[in-house]
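Structural characterization, general
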Amino acid sequence: MGTKTWLFIGLCLLFSSVQAQGLLDELESTAPKEKEYAFATFKAPRIIQGHSIETPGKGELMFIIQHRFGRINTGFYELFGWDQASIRIGLEYTLPFSERFNVGFGRSSYGKTWDFFLKTKLLRQAKGGSPLSISWLSTMAINGLDWANPNQQNYFTSRMAYSHQLLLARKFNSWFSFQLSPTLVHKNLVPLSQDQNSFFALGMGGRVKVSNRVSINAEYTWLLPGQHIPNINGLEPQNAISLGVDIETGGHVFQLHITNTQAMFDVGSIAETTGRPELGDIHVGFNITRTFSFKRR
Amino acid sequence: MKNLIAALLTLTIVSTGMAQKFTTKTGHVSFFSDAALEDISAVNKQALSAVDVSKGEVAFVVQIRGFEFEKALMQEHFNENYMHSDKFPRATFNGSIQKAAPLTWPGSHQIELLGKLEIHGVSKEIRVPATLAVKGEEAQLNLKFSIKLADFGIKNDKVKNISETIEITVKTSMKKA
């Protein structure tokens, strides 16, 4: 037989062997290439004090209880802060038609404050896509205390303060995530003429996952220097620093922490932290979240 | 010589042309865990499946991330803590139809599938009963079986939030390729 014939037979065999490669490989080659978004960058919608990029799932309602005891340096008389607890109870809801929009509100005993927020996912980290997840957070806080000076003309808008944050987060690997949060705070009313109404801060937060259900979190809010940030009861605002642990069970996330701030809404924890941790102004606290699902299947 | 060439040619053509292959990209794969704390179920409606009736081959490819749960948190746990879907994004099955007598089409038959099931990066030979029906341009392949978590290196919690045995149901309706 000639060379051509052998070549032909060879080709036939090759062809049939390619065919015998199998149905599974064939099927895998037709698999659509879907974007693999990073998930569970953080365990909860709060890193500790500040918002993380996480939100409840689409159409889910989350109930959040936040609690900060008083300062541990208040001694035995106050049972190391037990008697001066501060609380915030809130609800947050992710719209059923888009997981990008999350709204929430809460009421804090600190300053009898009502707070409202909108968190929007702008970009999500993905394999072969964006290296970062980016969300936008705007919050409003309405102070509910009686007017300090009821005899003067007081305006409702004077009770309001706002924060706007860009949340830039990256899940580096399955155990380490980090978030940077450039922040603008605006207070409608400030006590002194040299005080700035608007000022800037930079939030930083990270988590290290130590097991399937436990992670260790840390957070720091840096008030940019050279600004006249309004004093709180005559005390200069401090950078908030917090250290905590997240413990997750089926439907709950428990976050236990120590921190030098007692307010649990953004304007408060960013701009009204007066505790100086080096002097023992440390609060023990916890957040508990519970998710309710109304999704129809 | 010419006969040989003709024979080979026919063989090649026959082996391609005769293939009775059916596929879909929207197969349903669901599972159910009946545990003390809460029942957990999930469904994936984008399973790839193919059956080659003439060769008796069957294959499935299922994206782990494609399983939808009642609660987002469950889905997160499933991907992050149990299935490690960033490392093992797919589950696959590659097997053959075991038959006692030749199957006739159109028709519906109780068959057995023998093949390799790969979940969580661990591959295991399984033999499961199934129903295969072919009618004209359509084929339906349904199966239900149970697997043990331990067989696939999936670790349960200490508190046993999920059962040790998971029931898997596969329902596919495929079109002729």
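Residues numbered from 1 in each chain as written. Chains lettered and ligands numbered in written order. Predicted model: local features only at pLDDT ≥ 70, side-chain atom pairs only at ≥ 80, totals over all residues.

**Quick word on the overall build of chain B**
Selection criterion: By the criteria applied, helices consist of DSSP H or I runs no shorter than four residues and strands consist of E runs no shorter than two, each listed in order from the N terminus. Here a residue counts as buried when 20 or more other C-beta atoms sit within 10 Å of its C-beta, as exposed when there are 12 or fewer, and as partly exposed otherwise, the C-beta atoms being derived from the backbone. Note on contacts: each residue gets a C-beta atom placed from the backbone, and two residues are in contact if those atoms are within 7 Å.
In terms of regular secondary structure, chain B is built from 2 helices and 9 strands. Seen in sequence order, chain B has helices and strands lined up from the N terminus as α-β-β-β-β-α-β-β-β-β-β. For chain B, with 177 residues in total, the buried portion stands at 28%. Nonlocal contacts in chain B, meaning residues at least 24 apart in sequence, comprise 55% of its contacts between residues at least 6 apart.

**Quick notes on the overall build of chain A**
Spelled out, the test is: All radius of gyration figures rest on C-alpha atoms, and the globule criterion is 2.2 Å times the number of residues raised to 0.38.
When helices and strands are tallied, chain A shows 3 helices and 12 strands. For 297 residues, the compact-globule formula gives about 19 Å, and the C-alpha radius of gyration of chain A, at 26 Å, lies well above that figure. In terms of its C-alpha atoms, chain A occupies a principal-axis envelope of roughly 110 × 45 × 40 Å. Taken across its 297 residues, chain A has 37% of its residues classed as buried. Counted over contacts in chain A with a minimum sequence separation of 6, partners at least 24 positions apart contribute 58%.

**A look at the sheet that holds strand E4 (residues 113–123) of chain A**
Applied cut-off: Strands are labelled as partners when DSSP assigns at least two bridges between them. Here, axes are lines fitted to C-alpha atoms. For helices the fit covers the stretch in contact, and angles between N-to-C directions go from 0 to 180 degrees.
Around the barrel, which closes on itself, the 12 strands sit in the order E1-E2-E3-E4-E5-E6-E7-E8-E9-E10-E11-E12 (chain A) with antiparallel pairing between neighbours. The mean inter-strand angle of the sheet, taken between neighbouring strand axes irrespective of direction, is 20°.

**Some thoughts on the nonpolar core**
The condition that has to hold: By our criterion, buried Ala, Val, Leu, Ile, Met, Phe, Trp, Tyr and Cys residues that link up through C-beta atoms within 7 Å make up a nonpolar core.
Judged by nonpolar contacts, the single largest core of 37 residues is most densely connected at Val51(B), Ala59(B), Phe60(B), Leu132(B), Ala139(B) and Leu141(B). Ignoring sequence-local partners within four residues, the contact set of Phe60(B) consists of Ala47(B), Leu48(B), Ser49(B), Thr92(B) and Phe93(B). By size, the runner-up hydrophobic cluster in this structure holds 16 residues, among which are Ala161(A), Ala240(A), Ala263(A) and Met264(A).

**Remarks on the confidence of the model for chain A**
What counts here: A residue's pLDDT is simply how confident the predictor is in it, with values from 0 to 100.
With 92% of its residues at a pLDDT of 70 or more, chain A has an overall mean of 89. The least confident element of chain A is helix H1 (residues 3–19) of chain A, whose mean pLDDT is 58; the most confident is strand E5 (residues 133–142) of chain A, at 97.

**Brief notes about the pairing of strand E1 (residues 60–71) of chain A**
Residues and elements named next belong to chain A. Pairing between E1 and strand E12 (residues 283–293): 10 bridges, direction antiparallel. Opposite His-67, over in E12, you have Phe-286 as the bridge partner. Relative to strand E2 (residues 86–94), E1 runs antiparallel, the two being bridged by 8 bridges. Pairing of Gln-66 across the sheet is with Arg-88, part of E2.

**What about unusual backbone geometry?**
Residues other than glycine seldom take positive phi values, yet Phe80(A) does so here, at roughly 55°. Mapped onto the secondary structure, Phe80(A) falls in the loop between E1 and E2. Since 17 C-beta atoms lie within 10 Å of it, Phe80(A) is described here as partly exposed. Despite not being glycine, His120(B) has its phi angle at roughly 55°, a positive value. With respect to the element layout, His120(B) can be found in the loop between strand E6 (107–119) and strand E7 (122–135). Under the C-beta neighbour-count criterion, His120(B) is labelled partly exposed, with 19 such atoms within 10 Å.

**With respect to the environment of Gln165(A)**
All names here are of chain A. Topologically, Gln-165 is positioned in strand E6 (residues 160–171). Its 25 C-beta neighbours within 10 Å are what place Gln-165 among the buried residues. In this structure, the C-alpha to C-alpha distance between Gln-165 and Val-185, residues 20 residues apart in sequence, is 8.7 Å. Beyond its immediate sequence surroundings of up to four residues, Gln-165 is in contact with Leu-137, Ser-181, Pro-182, Thr-183 and Gly-203.

**Quick notes on the environment of Trp175(A)**
Residues and elements named next belong to chain A. Here Trp-175 lies in the loop between E6 and strand E7 (176–187). When the C-alpha positions of Trp-175 and Arg-207 are compared, they lie 7.6 Å apart, and in sequence the two are 32 residues distant. Not counting residues up to four positions away in its chain, the partners in contact with Trp-175 are Val-208 and Lys-209.

**Examining the pairing of strand E2 (residues 39–52) of chain B**
All names here are of chain B. Sheet analysis places strand E1 (residues 21–34) next to E2, joined by 11 bridges and oriented antiparallel. Counterpart to Phe-22 in the pairing with E2 is Val-51. Taken together, the 2 bridges between E2 and strand E4 (residues 68–69) define a ladder with antiparallel strand orientation. Following the sheet pairing, Val-43 is matched in E4 by Glu-68. Strand direction decides the pairing type here: E2 and strand E3 (residues 57–63), joined by 5 bridges, are antiparallel.

**Re helix H2 (residues 72–82) of chain B**
Working note: α-helix, 3.6 residues per turn, so residues spaced by three or four point in the same direction. The set of residues buried in H2(B) consists of Ala72(B), Leu73(B), Met74(B) and His77(B). Those residues of H2(B) hidden inside the fold are in contact with E1 and E12 of chain A together with E2 and E4 of chain B. Phi turns positive, to about 45°, at His84(B), one or two residues after H2(B).

**Considerations on the confidence of the model for chain B**
Scored by pLDDT, chain B has a mean of 85; 87% of the residues are at 70 or more. Scored as a whole, the predicted complex attains pTM 0.79, and scored at its interfaces, ipTM 0.70.

**Observations regarding the environment of Thr273(A)**
Residue and element names in this part refer to chain A. As for its placement among the helices and strands, Thr-273 is situated in the loop between helix H3 (266–271) and E12. Residue Thr-273 is classed as buried on the basis of its C-beta count, with 25 C-beta atoms lying within 10 Å. In this structure, the C-alpha to C-alpha distance between Thr-273 and Asn-151, residues 122 residues apart in sequence, is 29 Å. Other than its neighbours up to four places away in sequence, Thr-273 contacts Pro-237, Gln-238, Ala-240, Asn-260 and Thr-261.

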